[in-house]
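Listed below are the residues making up each chain.
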2 protein chains.
Amino acid sequence: VHKDFILSESIESNSFFIRDLALSKLLLLNDSNYPWLLLVPRKANQTEIFDLSIDDQHQLIEEIVLVSSKLKVFTNATKINVASLGNKTSQLHIHVIARTNTDIAWPSAVWDYAVATKYSPETAKKFILEFSQLLDFSTKT
Amino acid sequence: VHKDFILSESIESNSFFIRDLALSKLLLLNDSNYPWLLLVPRKANQTEIFDLSIDDQHQLIEEIVLVSSKLKVFTNATKINVASLGNKTSQLHIHVIARTNTDIAWPSAVWDYAVATKYSPETAKKFILEFSQLLDFSTKT
């Protein structure tokens, strides 16, 4: 049991940092098959949404809404998939995935579907920069 | 576009009614492979969590927390899986699934994994009755 939040090694090694929101670390999963974000609440030893305080639960759904609505605009997605699973990595993390009806797994769920296609450093950097600009724009208005 | 909420036919035909919570219809999915609940906000024409008002977003996560924490106790689950996907059925619905490390799909995600195993009427009735009693107990305290 850790007193302080430490990002799970399995998440850190498979993602790129975008920014810290009020509650959660926002990450880009390193799988270019789908625009796939992760929200990881920066609280130690949380595995279920109900482990969070009620204030943090409200903040979490607001961050899910912020990130998923911006991701839909950013990608012109058909549908946003949101999920807290954690069967393999217990640290609480929320998947926010932009699905289009032409993606490799559509309409199936993405987990265990296709082997991850890694981003090139340039493509990941471009995604993070452009998505960050969209977040800045929305949080300023 | 419907003005009033009508439960999607594909959801209705594959589930049992448990009760109406303040925002959502609580249903038991007819697949005994896993204790699998659905929360369907009773709002017309909603497909994404961000379609809901901020008050309804807060209410939704409170209902997710209520139902998932009680389901964990009820089933002694290893992990609760929570998801809003909707690639096949667009009406906003939240999956709340009790996973155990001995279930048929563990640790994979459940969607498109195994063919649904229907409940017998008696087993479904027993689940609904006992889970309802647990909900009553918690909402009275």
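The sections below set out a description of the structure shown in this document. (Residues numbered from 1 in each chain as written. Chains lettered and ligands numbered in written order. Predicted model: local features only at pLDDT ≥ 70, side-chain atom pairs only at ≥ 80, totals over all residues. Heavy atoms only, no water.)

**Quick word on the overall build of chain A**
Let me state the cut-off plainly: Put simply, DSSP H or I for four residues or longer makes a helix, DSSP E for two residues or longer makes a strand, and each gets a number counted from the N terminus. For every residue, the accessible area obtained with a 1.4 Å probe (protein chains only) is divided by the maximum for its type, and the residue is called buried under 20%, exposed over 50%, and partly exposed between those limits.
The helix and strand tally for chain A stands at 3 helices and 5 strands. Shown N-terminal to C-terminal, the secondary structure of chain A runs as helices and strands in the order α-β-β-β-α-β-β-α. The principal-axis extents of the C-alpha atoms in chain A amount to approximately 40 × 40 × 30 Å. The buried share of chain A, reckoned over its 141 residues, is 53%.

**Points about the environment of B:Tyr119**
Residues and elements named next belong to chain B. Convention followed: In this description, contact between two residues means that some pair of their heavy atoms is separated by no more than 4.5 Å.
Mapped onto the elements of the fold, Tyr119 is located in the loop between β5 (94-99) and α3 (121-140). Judged by its relative accessible area of 12%, Tyr119 falls in the buried class. When neighbours within four sequence positions are excluded, Tyr119 is seen to be in contact with Phe16, Leu28, Leu29, Asn30, Asp31, Ser32, Tyr34, Pro35, Ala124 and Phe127.

**A word on the pairing of strand β1 (residues 15-20) of chain A**
Residue and element names in this part refer to chain A. Note the threshold: Any two strands are treated as partners once DSSP identifies two or more bridges connecting them.
By the bridge criterion, 5 bridges tie β1 to strand β2 (residues 24-29) in an arrangement that is antiparallel. What sits directly across from Phe17, in β2, is Leu27. The antiparallel hairpin formed by β1 and β2 contains 3 residues in its connecting segment.

**Points about the nonpolar core**
Cut-off, in case you're wondering: Side-chain atoms within 4.5 Å are what join buried Ala, Val, Leu, Ile, Met, Phe, Trp, Tyr and Cys residues into a set we call a nonpolar core.
Counting residues in hydrophobic clusters, the biggest one holds 56 residues, and the most contacted among them are A:Leu26, A:Leu37, A:Ile94, B:Leu26, B:Leu37 and B:Ile94. With residues near it in sequence (within four places) discarded, A:Ile94 still touches A:Leu37, A:Leu38, A:Leu39, A:Ile49, A:Leu60, A:Ile64, A:Val82, A:Ala83 and A:Ser84.

**Digging into the interface of chain A and chain B**
Spelled out, the test is: In short, buried area is how much 1.4 Å probe accessible area vanishes from two parts on joining, totalled over both. A carboxyl oxygen of Asp or Glu within 4 Å of a side-chain nitrogen of Lys or Arg is what we treat as a salt bridge. Residue polarity follows a fixed list, in which Ala, Val, Leu, Ile, Met, Phe, Trp, Tyr, Cys and Pro are nonpolar, Asp, Glu, Lys and Arg are charged, and the others, Gly among them, are polar.
In this complex, chain A contributes 31 residues to the contact, which on the side of chain B involves 31 residues. Buried surface at the junction of chain A and chain B, both sides included, amounts to about 2,900 Å², of which 62% is carbon and sulfur. Here B:Lys79 ties to A:Glu48 by a salt bridge, and the two come within 3.0 Å at their closest N and O atoms. When contributions to the side of chain A that touches chain B are tallied by element, the ones reaching two or more residues are α2 (54-75) and β4 (79-84) of chain A. With 10 residues, the single largest contributor to the side of chain A that touches chain B is α2(A). Of the residues in the side of chain A that touches chain B, the class split is 14 nonpolar, 10 polar and 7 charged. Summarising the sheet, β4(A) and strand β4 (residues 79-84) of chain B pair through 3 bridges and their orientation is antiparallel. The residue bridging A:Val82 from the neighbouring strand is B:Ser84, located in β4(B).

Honestly, that's just the spatial picture; any functional story needs more than this.
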